[in-house]
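As a plain string of letters, each chain reads:
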Amino acid sequence: MSFDRTSFSRHIESLSAKWARALDEHGFDAALVPAGTNSYYFADDQSPPFRPNPHFARWVPEPLTEDAVLLVCPGVTPKLFFYQPDDFWYVPPSVPPWTDGVFDVEVYQESENQIEGIVAATRALTNIAYVGPDTELANNLVITTDDIGPFIDQLDYGRSFKTEFEIINMKGATEIGVRGHLAAHRAFLSGASEFDIHMAYLDASKQTESELPYPNIIALNEHAGTLHYQHYDRATPKRVHSFLIDAGGKFNGYHSDITRTYSATPGDDFDSLINALDEKQQALIGDIGLGLSYLDLHERMHHDVAELLVAFGFVTCSAEAAFDQRITDAFFPHGLGHLLGLQTHDVGGQLTTHQAESTSPSDRFPNLRLNRQIEANQVFTVEPGIYFIPMLIDTVENPTDINRDRVQSFVPFGGIRIEDNILATQDGHENLTRPVFDEALSR
Ligand code: GLY
Ligand code: MN
Ligand code: MN
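These figures come from a predicted structure and were not determined experimentally.

Visitor: Quick one: what's the story with the coordination of the manganese ion (ligand 3), residue by residue and with numbers?
Guide: Tetrahedral coordination by four donors sets the ideal angle at the metal to 109.5 degrees; octahedral coordination by six donors sets it to 90 or 180 degrees. Taken together, the protein donors to the manganese ion (ligand 3) comprise Asp257 (OD), His338 (NE2), Glu383 (OE) and Glu419 (OE), at separations of 2.0 to 2.1 Å. Geometry at the manganese ion (ligand 3) is irregular, judged from the 6 donor atoms that bind it and their angles of 50 to 155 degrees at the metal. For the manganese ion (ligand 3), the single-chain donor residues occur in sequence as D-x80-H-x44-E-x35-E. A distance of 3.3 Å spans the gap from the manganese ion (ligand 3) to the manganese ion (ligand 2), which Asp257 bridges by coordinating each metal. With Asp257 in the loop between strand E9 (254-255) and strand E10 (258-263) and Glu419 in the loop between strand E13 (415-417) and strand E14 (420-425), this residue pair connects regions lying 162 residues apart in the sequence. Judged on exposure class, the residue Asp257 and its partner Glu419 are both buried.

Structural data, given as C-alpha cells:
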C-alpha cells in the first residue's frame, strides 16, 4: 500500500473544479485553508496529537502537515505555504514527494516569513474565504471569515462524494483495520485482557494509539453495553461471556470504522443473537441502492430489532408493538450509521442538496447522523446494535411487555454491534469491509 499518485492527480483536478464552482457561487475569488496549529493542554507544555483541518487534509493528505497553509485560487496551481522550522526537539514536517507538479510549494523556516509570503500572494485578491481554525493567521490577513458558513456547508456536502483516490485510501484503511481485528480476535480466544487485546490490535495493524482514527473500543462482558467504552482492563475477568471490538485504521488520512462482536461460548443464545443480527445487517446492506433514504433504512433496522426481541424472548408483545412503543429505542439506542471519510463521523449527513440545505430531523430519531438519500460514491457505515443496558431498559414506558428475567440474563454480555463500511455505487453498493475479512480468513 502506498500513495496512489495517478488517482491523486485526478482527485486534485476534481477538487479544483468543485471549489472553483463553490467559490464563484458564493462570491469569493480564492480560499485560504490552513492545516492548523497544535494547541497545548491547559497550563502544560504537552499537546494532544495533531489533527489537520479536514478541508486542508482533503487537498494535502496526512501526515506531517502541521502549520502548512494552502491557497486555492481558481485557474492557478494551488499554492502550498509549507512550514518547516529548523528544530532539534522534534522532527519537522517534510514536503511529501507527491506534491511535485500538483502544488506550487514554498517552504518557510520562520513563521513570520510564511505569513509575509501569504500576504504577498493574496495582495491582489479582494474576497478570500478563510476555511480554518487559526484566527491569529486570519487576523494577520485581510480575509473574509464572516458569512462563510454556506460556503463551508457546500464543501461539507461535497465531501460525502468520494473520489477514486479517497476510495483507494479507505480500502487501505480497511486492510489495516481488519489485520488488527483478526489479531484482536485471536488474543480474545487465547484469554487476553482488554489491555492485551488492545496491544495485539496496535501491533498487528502497525498503528500507534495517536494514529488510530478513533480510540479503540475493546469491551469484554458488560463493558460492551457502554457504547464508547474507553478503558482497557489489565486483568481478564474470571468468567468471560462476550467481546465487542470497535476499531479502525487510518491510511493517508482516511478512516475505516469496523465493529465485530463475539460470544465466548459458540452456540449459546448470545452467539445465536449475534448471528441473527448479522443476518439482518447483511440483508439490509444487500438491499442498499441509489435513491433510498438512510432514515428509512434506520427505521427498517428498528423493525428488524423488534423481531429479534420477540424471537429471543426479550419482549412479550408483538414486534409492531415493540416498535410502536419505542421499546426498540432502549435496545438499539444509536443511529444505524454515519458518513465516513477523513473523519470517523464525516460531516454533511444532514445536508441534502448542492446548495447544502439541511434536512429536518426525524421526530423519533433526531440524532441520526445521516439523514440523506443514498447517492453514488457516498461511503457510510451500517452498524446495528442490540444492547442490554439497565438504565435504558428502565426508561421503557410499558415495562410489562419486557421479560425482565430474560433481559437480566443477558446484561453480563453487554451487547452486540456489527459495523461494516459501505460504498454506494451506480449499480448498488460495495461492502468495503466483509470481503477483506473473508479473504484474510480464507488464507
Ligand atoms: N466508532 C464510532 C462509531 O462507530 O461511530
Ligand atoms: Mn465504530
Ligand atoms: Mn461508526
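Visitor: Tell me what's going on with the coordination of the manganese ion (ligand 2), and back it up with residues and numbers.
Guide: At 2.0 to 2.4 Å from the manganese ion (ligand 2) lie its protein donor atoms, namely Asp246 (OD), Asp246 (OD), Asp257 (OD) and Glu419 (OE). Taken together, the 6 donor atoms coordinating the manganese ion (ligand 2) and their angles of 56 to 170 degrees define a geometry best described as irregular. Between the donor residues of the manganese ion (ligand 2), the gaps in sequence give the motif D-x10-D-x161-E. Take Glu419: its relative accessible area is 0%, and that puts it in the buried class.

Visitor: Report on the pairing of strand E7 (residues 242-247), specifying residues and quantitative values.
Guide: In terms of burial, E7 is a largely internal element, 6 of the 6 residues being buried. Neither face of E7 is left uncovered, since the one carrying Ser242, Leu244 and Asp246 and the one carrying Phe243, Ile245 and Ala247 both have all their residues buried. Summarising the sheet, strand E6 (residues 217-220) and E7 pair through 4 bridges and their orientation is antiparallel. When the sheet's bridge partners are listed, Ile217 is paired in E7 with Asp246. Strand direction decides the pairing type here: E7 and E10, joined by 6 bridges, are antiparallel. The residue bridging Ala247 from the neighbouring strand is Ile258, located in E10.

Visitor: Could you give me a rundown of the site of ligand 1, with the residues and numbers involved?
Guide: Taken together, the residues surrounding ligand 1 are Tyr214, His228, Asp246, Asp257, His338, His345, Glu383 and Glu419. At 2.7 Å from an oxygen atom of ligand 1 is found a side-chain nitrogen or oxygen belonging to His345. Here an oxygen atom of ligand 1 sits 3.2 Å away from a polar atom, N or O, in the side chain of Glu419. Taken together, the residues of the shell around ligand 1 break down into 1 nonpolar, 3 polar and 4 charged.

Visitor: So what about the pairing of E14? Which residues, and what values?
Guide: Across the 6 residues that make up E14, a large majority, 6, are buried. Where burial is concerned, the two faces of E14 agree: the one with Asp420, Ile422 and Ala424 and the one with Asn421, Leu423 and Thr425 are both buried. Sheet topology places strand E11 (residues 379-382) next to E14; 4 bridges connect them, and they run antiparallel. Residue pairing in the sheet places Val379 in a bridge with Leu423 of E14. Connecting the antiparallel pair E14 and strand E15 (residues 428-431) is a turn made up of 2 residues.

Visitor: Which residues make up the side chain of Thr122, and what are the values?
Guide: Here Thr122 is to be found in helix H3 (residues 111-122). On the basis of relative accessible area, Thr122 is assigned to the buried category, the value being 9%. When near neighbours in sequence (up to four residues on either side) are disregarded, Thr122 contacts Leu71, Ile128 and Leu141.

Visitor: I'd love a proper account of the sheet that holds E11, names of residues and values included.
Guide: Here 3 strands make up an open sheet; going across it, the order is E11-E14-E15 and the pairing antiparallel. The open sheet has two free edges, formed respectively by E11 and E15, since each of these has just one partner strand. Pairwise comparison of adjacent strand axes, ignoring direction, gives a mean angle of 40 degrees for this sheet.

Visitor: Tell me about the sheet that holds strand E4 (residues 104-108), and name the residues and values.
Guide: Sheet architecture is open: 5 strands sit in the order E4-E3-E2-E1-E5, paired in mixed fashion. Pairing within the sheet leaves two strands with one partner each, and these edge strands are E4 and strand E5 (128-130). Neighbouring strand axes in the sheet, compared pairwise and without regard to direction, differ in orientation by 15 degrees on average. As paired elements, strand E3 (residues 79-83) and E4 share 5 bridges and run parallel to each other. Along E4, the bridge assignment pairs Lys79 with Asp104. Each of strand E1 (30-34), strand E2 (69-72), E3, E4 and E5 is contacted by H3, which is oriented at about 170 degrees to E3, the strand it contacts most.

Cut-offs used in this document
In this numbering scheme, every chain counts its residues from 1 along its sequence in written order. Chain A is the first chain written and ligand 1 is the first ligand written, with later ones labelled in order. In keeping with the predicted nature of the model, local features appear solely for residues at pLDDT of at least 70, side-chain atom pairs appear and are counted solely at 80 or more, and the whole-chain, interface and lining totals rest on all residues. Side-chain descriptors were evaluated using all non-hydrogen atoms of the structure, hydrogens and water having been removed beforehand. Only N, O and S atoms count as donors, using a 2.8 Å cut-off from the metal and 3.2 Å for Na, K and Ca, and because water is excluded some sites may appear unfinished. Site shape is set this way: if four donors have all angles between 85 and 135 degrees, tetrahedral; if opposite donors are over 155 degrees apart and all others between 65 and 115, square planar for four donors and octahedral for six; otherwise irregular. Secondary structure follows DSSP: runs of H or I at least 4 residues long count as helices, runs of E at least 2 residues long count as strands, and numbering of each begins at the N terminus. Only protein chains enter the accessibility calculation, which uses a 1.4 Å probe; a residue whose area is less than 20% of its type maximum is buried, one above 50% is exposed, and one in between is partly exposed. Strand pairing is defined by DSSP finding a minimum of two bridges between the two strands. Any residue with a heavy atom positioned within 4 Å of a molecule or strand is treated as near that molecule or strand. Any pair of N or O atoms that falls within 3.5 Å is considered a polar contact. Within protein, one atom must be able to donate a hydrogen and the other to accept it, and sequence-neighbouring residues count only if both atoms are side-chain atoms. In this classification, the charged set is Asp, Glu, Lys and Arg, the nonpolar set is Ala, Val, Leu, Ile, Met, Phe, Trp, Tyr, Cys and Pro, and all remaining amino acids, among them Gly, are polar. Contacts were defined at the residue level, with two residues in contact if any of their heavy atoms lie within 4.5 Å. Here an axis means a line fitted to C-alpha atoms, over the contact stretch when the element is a helix, while the angle between two N-to-C directions is reported on a 0 to 180 degree scale.

Just distances and angles here, no functional claims.
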